[in-house]
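# Examining the three-dimensional arrangement
Listed below, chain by chain, are the residues.
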Amino acid sequence: MAEHVVEPDGIALCAESFGDPSAPPVLLVMGLGASMLWWEEGFCRLLAEGGRFVIRYDHRDTGRSVTCPPGRPGYTGADLVGDAARVLDAHGISAAHVVGVSAGGALAQLLALHYADRVLSLVLISTSCAVPCGELPPPTEEFMRFVSAAHVDWSDADSVIDHQVAYARVLAGGRRPFDEAAARSLVRRDVERAHDFGAARNHDSLADGELSPASLSSIAVPTLVIHGTADPMFPLPHGAALAERIPDGRLLALENAGHGIERADWAIIAAAILEHTAADPARQTDPSDP
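This report concerns the structure included in the present document. Everything quoted here is computed from the prediction, not taken from an experiment. (Residues numbered from 1 in each chain as written. Predicted model: local features only at pLDDT ≥ 70, side-chain atom pairs only at ≥ 80, totals over all residues. Heavy atoms only, no water.)

So, about the nonpolar core. Core analysis: the largest hydrophobic core is formed by 42 residues, its most contacted members being Leu27, Leu122, Leu216 and Ile219. Residue assignment for this core shows that the elements contributing at least two residues are strand 2 (13–18), strand 3 (25–29), strand 4 (53–57), helix 2 (77–90), strand 5 (96–101), helix 3 (103–114), strand 6 (119–125) and helix 7 (236–245). Not counting residues within four places of it along the chain, the set of residues in contact with leucine 27 comprises Ile55, Tyr57, Ala84, Val87, Leu88, Ala96, His97, Val98 and Val99. Of all hydrophobic cores here, the second largest spans 26 residues; its members include Phe18, Leu47, Leu254 and Ile273. (Core = buried A, V, L, I, M, F, W, Y, C linked by side-chain atoms within 4.5 Å. Buried < 20%, exposed > 50% of the residue type's maximum accessible area, 1.4 Å probe, protein only. Helix = DSSP H or I, 4+ residues; strand = E, 2+ residues; numbered from the N terminus. Contact = heavy atoms within 4.5 Å.)

So, about the packing of helix 2 against helix 3. Running from amino to carboxyl end, helix 2 crosses helix 3 at an angle of 75°, the nearest separation of the two axes being 9 Å. Judged by the inter-axis angle, helix 2 sits roughly perpendicular to helix 3. Listed contacts from helix 3 to Gly77, Leu80, Val81, Ala84 and Ala85 of helix 2 are Leu107, Leu110 and Leu111. Per-class residue counts for the contact of helix 2 with helix 3 are 7 nonpolar, 1 polar and no charged. (Axes fitted to C-alpha atoms, helices over the stretch in contact; angles between N-to-C directions. Parallel < 35°, antiparallel > 145°, perpendicular 65-115°, else oblique. Nonpolar A, V, L, I, M, F, W, Y, C, P; charged D, E, K, R; others polar.)

Now for the pattern of salt bridges. Summed over all chains, the structure comprises 17 salt bridges. In this structure, arginine 263 and glutamate 40 form a salt bridge, with 2.6 Å as the shortest nitrogen-oxygen distance. Residue arginine 263 is located in the loop between strand 8 (249–254) and helix 8 (266–276), and its partner glutamate 40 is located in the loop between strand 3 and helix 1 (41–49); the two are separated by 223 residues in the primary sequence. With a relative accessible area of 13%, glutamate 40 lands in the buried category. Across the pair aspartate 83 and arginine 60 runs a salt bridge whose closest N-O atoms are separated by 2.7 Å. On the criterion of sequence distance, the pair formed by aspartate 83 in helix 2 and arginine 60 in the loop between strand 4 and helix 2 is long-range, its members being 23 residues apart. Look at aspartate 83 and you get buried, because its relative accessible area is 1%. Among the ionic contacts, a cluster of salt bridges with common partners joins Glu3, Asp58, Arg64 and Arg193. (Salt bridge = Lys/Arg side-chain N within 4 Å of Asp/Glu carboxyl O.)

To continue, consider the packing of aromatic side chains. Taken as a whole and judged by the stated rule, the model has 5 aromatic pairs. For the pair phenylalanine 43 and tryptophan 266, a centre-to-centre distance of 6.3 Å together with 55° between the ring planes defines the contact as tilted. Of this pair, phenylalanine 43 sits in helix 1 while tryptophan 266 sits in helix 8, placing them 223 residues apart in sequence. Measuring from ring centre to ring centre gives 6.2 Å for tryptophan 154 and phenylalanine 197, while their planes differ by 15°; the resulting arrangement is stacked. Placement of tryptophan 154 in the loop between helix 4 (141–149) and helix 5 (157–171) and of phenylalanine 197 in the loop between helix 6 (180–193) and strand 7 (223–228) is noted, with a sequence separation of 43 residues between them. An aromatic cluster of three or more residues is present, and its members are Trp39, Phe43 and Trp266. (Phe/Tyr/Trp six-rings, centres within 6.5 Å; stacked < 30°, edge-to-face > 60°.)

This is the structure:
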């Protein structure tokens with residue numbers, strides 16, 4: 001299905017789906033500041049061809065979803081958690097397997113904690129604990145140097161593209177060849193497609209919003225944690241902590257992979273997600289369902 005704008009609760013969110021709507025649903029939640037394009041179409045189709053109904057969507061202030069003036073978002077992180085449930089509502093889906101990457105993994109955890117009936121299972125990629133879970137290692141020195149020294153003119157598309165490509169290079173972790181041409185093509189499409197790419201900076205200053213305190217031990221669905229051993233933002237112990245603290249959690253470490261979903265790992269990650277989502281708890285609990 002081509003991308004389309006849904007308006008649950010009057011909030012315009014752009015979404016796109018792949019596969020058979022009667023198949024087990026998989027909701028993809030991207031990291032903050034990134035549109036759904038970072039769930040690349042080829043990866044989405046791998047999941048759909050494996051028998052899943054796949055939905056990706058733009059967060060507020062990214063892509064073609066509702067956009068607020070830079071510096072004045074008018075919503076909170078809790079609202080972004082609720083948006084994941086709203087996207088399911090717009091597609092008539094009561095519960096889905098939820099896959100989140102980076103901060104999208106934190107949103108996925110919070111969805112499982114505060115909208116437990118909407119989540120069949122979790123896959124958490126390149127992320128960390130959404131609630132306090134003890135001391136964990138900081139980002140790498142190279143990552144911190146880039147963040148502290150980077151300069152970008154958010155009103156100039158070429159400046160933004162150069163910055164985002166350089167950031168993607170750092171996130172890749174440095175242990176594998178970096179495909180700059182592919183990264184630049186993706187970033188350019190993301191910038192050109194957005195209503196206002198500069199508005200994505202609103203995600204950097206969002207208040208948490210009103211969500212009651214919770215513990216990862218309260219997550220009651222099967223959870224697969226996928227983490228690169230060369231992740232410069234969240235070193236591997238972040239993924240290990242998630243797998244340890246979530247009762248039904250397990251860790252898949254990707255050797256030499258950085259932060260995010262690299263094309264070299266698509267086949268491994270897609271196969272792991274398909275295996276993890278093969279059993280649909282909602283169907284298993286209804287003996288009258290043929």
